[in-house]
Amino acid sequence: MTERQSASGVADAAPVVLEMKGVTKTFGPVVANDDISLTLKRGEILGLLGENGAGKSTLMKILYGLYSPDKGSISIEGEEVKIKDPKDAVSRGVGMVHQHFTLIPRLTVAENIVLGAEPTKGGRVDMARATRDTEELCERYGLRVDPRSRVSDLSVGVQQRVEILKALYRSARILVLDEPTAVLTPQETEDLFSVLKELVGDGLSIILITHKLGELRGVSDNITIIRDGKVVDTVKTSDTDEGELAKLMVGREVLLRVSKEKSEVGEVRLSAADLVVKGNSGSVAVHGVSLEVKAGEILGIAGVDGNGQTELAEALAGTRVAESGAVLLDGEDITKVGANGRQRLGLAYVPEDRGTKGLVQDFSLSENNAIKTYEKAPFSSRFGWIFPKAMRRSAAENLRAYDVRPPDPDARAGSLSGGNQQKAVLARELSGDPGVIVASQPTRGVDVGAIEFIHGQLLKQREEGKAILLISLELEEVRSLSDRIIVLYNGRISGEVGPDATDEELGLLMAGRGMDESA
Amino acid sequence: MEELFGNFGQLLSSTIRNATPLIFAALGGMFSERSGVVNIGLEGLMLISAFAGVVGAFLSGSALVGLGTAMAAGLAFALIHAVMTITFEADQIISGTAINLLALGGTGFLMVEVFGSGGTSPNVQGFSAVRIPLLADIPLLGPALFNQSLLVYLMYALVPTTYFVLFKTPFGLRLRGTGESPEAVDTAGVNVFRMRYYGVALSGILAALGGAYLSMGILSAFTENMTNGRGFIALAALIFGRWHPVGAAGAALLFGFAQAFTFQAPQDVVPLEFLQMLPYVLTLIVLAGFGGRAIAPAAVGKPYRKE
Amino acid sequence: MSEERRDSGDSFLRKSLRDAGGALVFPLIAIFIAFVIGALLVLASGNNPVAAYVSLIQGAVGSPTAIGRTLLNATPLVFTGLAVAVAFRAGLFNIGGEGQVFIGAITAAWLAVSVGFLGIAAIPIVLLACVVTGFIWGAIPGFLKARFGAHEVITTIMLNFIAINLATYFALGPLRSEGIVPGTETIEAAARIPAIGLGLGRVNYGLAVAVLAAVVIYFLLWRTKLGFRIRAVGLSPGAANYAGMRIGTNTVLAIAIGGAMAGLGGGVEVLGVYGKMSIPFVSNLGFNGIGVALLGRNHPVGVVLGALLFGGLASGAQEMQFATDVPLDLSDVLLAVILLLVTATKLVELIIGKRARALASGTRLDEGLGN
């Protein structure tokens, strides 16, 4: 713990370094930012809290010169500034760590850090100096990174450090981090927060964007809450609690924990034995995973992104071929059965990426609804013809049943909001009354209303005796829905815990610790 | 024995001559693709500059002026591609195809306008072979490598220069970054659009050198559609050479050799048509064997838009 | 039942009209700008653009003979346009129409001479053979892509050169006739596609075959399982794979079907127009097919319209060259400019606003050459 002036961390008298006033930004008919104002003081960590789509990222992109505001002003260190591109932002001392990293995988750490501000010697990039400078920065802030390694070889947590170093190398005084904890284990999050405290101790000011209520406690001084593009309130972190924050963020009372009844656990429906699966790069991503999912239970899979979850889900669903091992559905070996076949046998799959896997964006909802069943009656005949009208009728039914808006079978899938797209996927997958459901990050990037709806649907399926495998990066989600939790680390199961496991327990498993003992 | 060496020397010399336009175009394509813009219009860029070079030399009587007009035409056509794909977000492959058709139709149109008829232009002042003393005396390699047109020597210099620019300079780092991840480069404060314009513009100038060498180095006149697929073969060389200057030059030499062999092989044994197929068949084989394993710049082909 | 049918029919018609209206925005803007640029070129070459365009239009539709020429020009472009469109729907850019036409043409030139004694019965046999050889030739780049990841843009171009040389070899080698014009033997008149007549000059029933091919492709793409798969693979390989479709198989099939169309086009040219394959054979049918398909937004109806426009431009340009001093090649320049502009999303956005982005979907590939 660093020594700080007060409970709220930053002295009220500290000078204001950033003031955004009346910022408004519209995209076509959508008002992303509506008259937003906020202030940031020197040495302050300000939490910027809001749901997906509330307008947090838009506001920060305006600050970083990626978008230009329709109205409003920005002052830095008391001086009104126009920020027309990131270069301007950088020269004003603004640094940003984006949610999706902006690193170039094929370049080295040092190359990434100096890009755009290269030290030169005789017309060439002075790589020796770039490396030295990077090392110095690492030293100074305790961020351990090897400047010579390729970014593609680094773990996500380390890549995030590189992003921070990139900003520091450009002498950032205001650092914005967009959802920085989404890709970290609880312990890595702790590490990150202590680095941030180190930085504000050094005189930097930080804006921390998040949609997770709990994590701002203990790190931020103040929290500004945004809903539907407007600032709802700014509160002192020490004066508030999660319940109040949730209400401010969503605009109504929210059940923080899903209530679920005990369910009858039945026979094993889906199992994997010693499954080995390769990733896109050709290297092994899943190393001999075995698991069982029983009727009436939700088996949660936790882990940091990129630890084999995607490949495991795809191998179970049949969209990726396993190198070895077996997948069994109701005791029958389906390892050699393709995705279609598995679906016909009653295995539904909600893929993590509705944009590129779950839906064909340029297909109509009716075509998307039939994308797995188009070869069967009533959608097609034995002679190869398809019947669009039958597709439309079935889609209309499903869309209504799952509250997809608009419920128009002819609407282009890509024209729907994220939440509605996800509901459309769910409608297709669950309408066939499958016995087993593999759901991969089913609530990624959707609003709270859709999250509640999707959670409700999954629990309903569980009560109906379905076997559900839930993969999620959100620990809270896994904990609140699952009956058992398996943690994946580096493509292996690092442990199994109950839904009442603590952050510390899960965090250790997510970081791969505890594996040696079990081996 | 002497005859064998003589043939070998001729074959080597012809290989260099055939590879030179391919290398120019491939190096040009490299700048474009490394910045994230596919340039399938290399063929057209070469063609229009081959023509413009001849017109310049015809009107001025000077090969150097011809080289200048060739480069200007290559640059101008490349900028059309740049405006369409970078600013107006047209599909890069389709825009490149259009550039090829534009060059084909445009040279046809202008042949009539400038020289009064299609087909072949009058002969003009070109870049004849310049013998480099001492180096040209190296047995076997000397006459093949160092008794060539000035443009060939320029090509020798351009391969290492391109390597240096691409891998050692801030410009090269930013250009490579733009082709890999424009978002990253943008957030680092580098103007993505400007980098892509540079990349495409350079591809025009370099492809123009290739075109000029065709009409003013190998020949001294322009004939309609004289590029005959060389721009596409250069693209294949670029892919086979893994977007690396030395690799691309090596691949271009291989294709140049295939073309040289076509001219040298005895026609009474194999029908002419089959010999003429050889470079294209070789390109296919190379692409099938190695193309799939090559890793293109990650963002190539995709327009960059900020909002 | 009839009630429901009429109802959905109405909304379907309205929706189709709306879609068609949206689909025309890009092509119309491209055509308009191209003609403005063309006018400037004509002006620069010292001619009167109004006179040039008047003679262009007269040459295209000014008389039954002109219309006949336009239709004659348009016929092969329907086939090569379809060749590009089908592949494009699967997310593939088939620049190999040129070679596929040559393969079909040499097939027809060879087979029709051999089975010419069958008279009119020879025609379907020969055309079917052209479909088969075009299919096989088209399957090659599909296979190279599916199996080895070799990008179809370069492989189809290389295959063009190979096909042209191959056809030339046969036409000037084993199949060469005695005549003065180098090429294959002339096919018996009875085994050739008959002319339609009606004062339309040499227009033949090949035009009907072309329209039929467009209808077949329409049903294939929107009313069959195969078409459903091809479109899904083209729009989203990830989602298609997720749904259990085989990307590789559909890649090969789509470009092979394209090859079959172009091959059929080559056969129709030989059987309907030339009666033999002479060397040099007609050029640029394949390349112009790209423009036809993109202008027609890769929809069979659009392809037919695009082919008529291109056919008209070609026949009009002849008249224009005759009446004014403007070289024939102006039409190629116009086509190139249209192609250059037809996917320019941002440009159209500047003119009609943000709607442009949604209208552009499905008409672009946006990918590199190296996978």
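Residues numbered from 1 in each chain as written. Chains lettered and ligands numbered in written order. Predicted model: local features only at pLDDT ≥ 70, side-chain atom pairs only at ≥ 80, totals over all residues. Heavy atoms only, no water.

Q: Please provide a residue-by-residue account of the pairing of strand S21 (residues 484-489) of chain A, values included.
A: Residues in a regular strand point their side chains to alternate faces of the sheet. Residue and element names in this part refer to chain A. When you tally the buried positions in S21, you get five out of six residues, the bulk of the element. With four bridges connecting them, strand S15 (residues 298-302) and S21 associate as parallel partners. If you follow Ile301 over to S21, its bridge partner there is Ile486. In terms of strand pairing, S21 meets strand S22 (residues 492-497) through five bridges, oriented antiparallel. Considered in S22, the bridge of Val487 is made with Gly495. (Buried < 20%, exposed > 50% of the residue type's maximum accessible area, 1.4 Å probe, protein only. Helix = DSSP H or I, 4+ residues; strand = E, 2+ residues; numbered from the N terminus. Pairing = 2+ DSSP bridges.)

Q: Tell me what's going on with the interface of chain C and chain B, and back it up with residues and numbers.
A: Much of the literature gives interface size as the accessible area that the parts lose upon coming together. Listed by partner, the interface residues are 55 residues for chain C and 54 residues for chain B. Carbon and sulfur atoms supply 75% of the area buried between chain C and chain B, which totals about 4500 Å² over both sides. A salt bridge links Lys346 of chain C to Glu89 of chain B; the nearest nitrogen and oxygen atoms lie 3.8 Å apart. For the interface between chain C and chain B, the tally reads three residue pairs in polar contact (both at pLDDT 80 or more). Of all the secondary structure elements, the ones that give two or more residues to the side of chain C that touches chain B are helix H5 (122-148), helix H6 (152-172), helix H11 (285-295), helix H13 (330-341) and helix H14 (345-352) of chain C. The element contributing the most residues to the side of chain C that touches chain B is H6 of chain C, with 13 residues. Classifying every residue of the side of chain C that touches chain B gives 34 nonpolar, 13 polar and eight charged. (Contact = heavy atoms within 4.5 Å. Buried area = accessible area lost by both parts, 1.4 Å probe. Salt bridge = Lys/Arg side-chain N within 4 Å of Asp/Glu carboxyl O. Polar contact = N/O pair within 3.5 Å; in protein donor to acceptor, adjacent residues only side chain to side chain. Nonpolar A, V, L, I, M, F, W, Y, C, P; charged D, E, K, R; others polar.)

Q: Could you give an account of the sheet that holds strand S17 (residues 332-333) of chain A, naming the residues involved and the relevant values?
A: Residue and element names in this part refer to chain A. An order of S14-S13-S16-S17 is seen for the four strands of this open sheet, with the pairing classed as antiparallel. Among the strands making up the open sheet, the edge pair consists of strand S14 (284-294) and S17. Looking at chain direction, strand S13 (residues 268-278) and strand S16 (residues 324-329) are connected through five bridges and run antiparallel. In the sheet register, Val276 faces S16, and the bridge partner there is Ser324.

Q: Let's hear about a positive patch on the surface: which residues, and what values?
A: Side chains of Lys121, Arg124 and Arg132 of chain A together with Lys168 of chain B sit close together on the surface and give a patch of like positive charge. Taking the relative accessible area as the measure of exposure, Lys121 of chain A reaches 58% and is therefore exposed. (Patch = residues over 30% accessible without salt bridge, like charges linked within 9 Å, V, L, I, M, F, W, Y side chains within 5 Å. Areas by Shrake-Rupley, 256 points an atom, 1.4 Å probe, with all protein chains shown as cover. Lys, Arg positive; Asp, Glu negative; His and termini not counted. Charge placed at Lys NZ, Arg CZ, Asp CG, Glu CD.)

Q: Outline the packing of aromatic side chains, listing residues and values.
A: Enumeration according to the criterion identifies 24 aromatic pairs over all chains in this entry. For the ring pair Tyr349 of chain A and Tyr242 of chain C, a centre distance of 5.4 Å and an interplane angle of 50° mean the geometry is tilted. Linking Tyr349 of chain A in strand S18 (residues 347-350) with Tyr242 of chain C in helix H9 (residues 237-242), this pair reaches from one chain into another. Across this residue pair, the class does not change: Tyr349 of chain A and Tyr242 of chain C are buried. (Phe/Tyr/Trp six-rings, centres within 6.5 Å; stacked < 30°, edge-to-face > 60°.)

Q: Residues and numbers for the interface of chain A and chain C, please.
A: With 32 residues of chain A at the contact, the number on the chain C side is 25 residues. Three residues stand out in chain A for area buried against chain C, namely Phe363, Tyr374 and Ile386 of chain A, and they jointly supply 22% of the buried area on that side. Joining chain A to chain C, the criterion identifies two salt bridges. The residue Glu375 of chain A makes a salt bridge to Arg229 of chain C at a minimum N-O spacing of 3.0 Å. The interface formed by chain A and chain C holds 13 residue pairs in polar contact (both at pLDDT 80 or more) in total. Elements represented by at least two residues in the side of chain A that touches chain C include exactly helix H9 (339-344), helix H10 (354-358), helix H12 (388-401) and helix H13 (418-431) of chain A. Looking at the side of chain A that touches chain C element by element, the count peaks at five residues for H12 of chain A. Taken together, the residues that form the side of chain A that touches chain C break down as 13 nonpolar, seven polar and twelve charged.

Q: So what's going on with the packing of helix H3 (residues 64-89) of chain C against helix H12 (residues 300-323) of chain C? Residues and values would help.
A: The axes of two packed helices give the description: the angle between them and the distance between them. Residues and elements named next belong to chain C. The geometry of H3 relative to H12 is characterised by a closest axis approach of 7 Å and an angle of 135° between their N-to-C directions. Considering the angle they form, H3 stands oblique to H12. Pair H3 / H12 crosses with right-handed handedness. Within the contact between the two elements, H3 uses Ala66, Arg69, Thr70, Leu71, Asn73, Ala74, Leu77, Val78, Gly81, Leu82 and Ala85 and H12 uses Pro300, Val303, Val304, Ala307, Leu308, Phe310, Gly311, Gly312, Ala314, Ser315, Gln318 and Glu319. (Axes fitted to C-alpha atoms, helices over the stretch in contact; angles between N-to-C directions. Parallel < 35°, antiparallel > 145°, perpendicular 65-115°, else oblique. Left-handed = near helix turned anticlockwise from the far one by under 90°.)

Q: Outline the side chain of Thr310 of chain A, listing residues and values.
A: Summarising the element assignment, Thr310 of chain A is placed in helix H8 (residues 309-317). According to the relative accessible area criterion, Thr310 of chain A is buried, its value standing at 15%.

Q: So what's going on with the environment of Ala208 of chain B? Which residues, and what values?
A: Residues and elements named next belong to chain B. For Ala208, the position within the fold is in helix H9 (residues 192-218). In this structure, the C-alpha to C-alpha distance between Ala208 and Ser49, residues 159 residues apart in sequence, is 5.1 Å. Residue contacts for Ala208: discarding those within four places in its chain leaves Ser49, Ala70, Met71 and Gly74.

Q: Lay out the packing of helix H4 (residues 127-141) of chain A against helix H5 (residues 156-169) of chain A in plain terms, naming residues and giving numbers.
A: Residue and element names in this part refer to chain A. Running from N to C, H4 and H5 point in directions that differ by 105°, and their axes come no closer than 10 Å. By the angle between their directions, the pair H4 and H5 is classed as roughly perpendicular. Of the residues in H5, those touching H4 at Asp133, Leu137, Cys138 and Tyr141 are Leu165, Leu168 and Tyr169. Partitioned by chemical class, the residues of the contact of H4 with H5 number six nonpolar, no polar and one charged.

Q: Provide a residue-level description of unusual backbone geometry, including the pertinent values.
A: Arg405 of chain A connects to Pro406 of chain A through a cis peptide bond whose omega is 0°. Of note, Pro406 of chain A is situated in the loop between H12 and H13. Residue Pro280 of chain C is reached from Ile279 of chain C by a cis peptide bond, and omega for that bond is 0°. Along the polypeptide, Pro280 of chain C turns up in the loop between helix H10 (247-274) and H11. The residue Ser171 of chain A is not glycine, and still its phi comes out positive at about 55°. Mapped onto the elements of the fold, Ser171 of chain A is located in the loop between H5 and strand S9 (174-178). Exposure remark for Ser171 of chain A: the relative accessible area of 51% places this residue in the exposed category. Non-glycine residue Gln441 of chain A carries a positive phi angle of around 40°. Residue position: Gln441 of chain A is located in the loop between strand S19 (436-440) and helix H14 (448-463).

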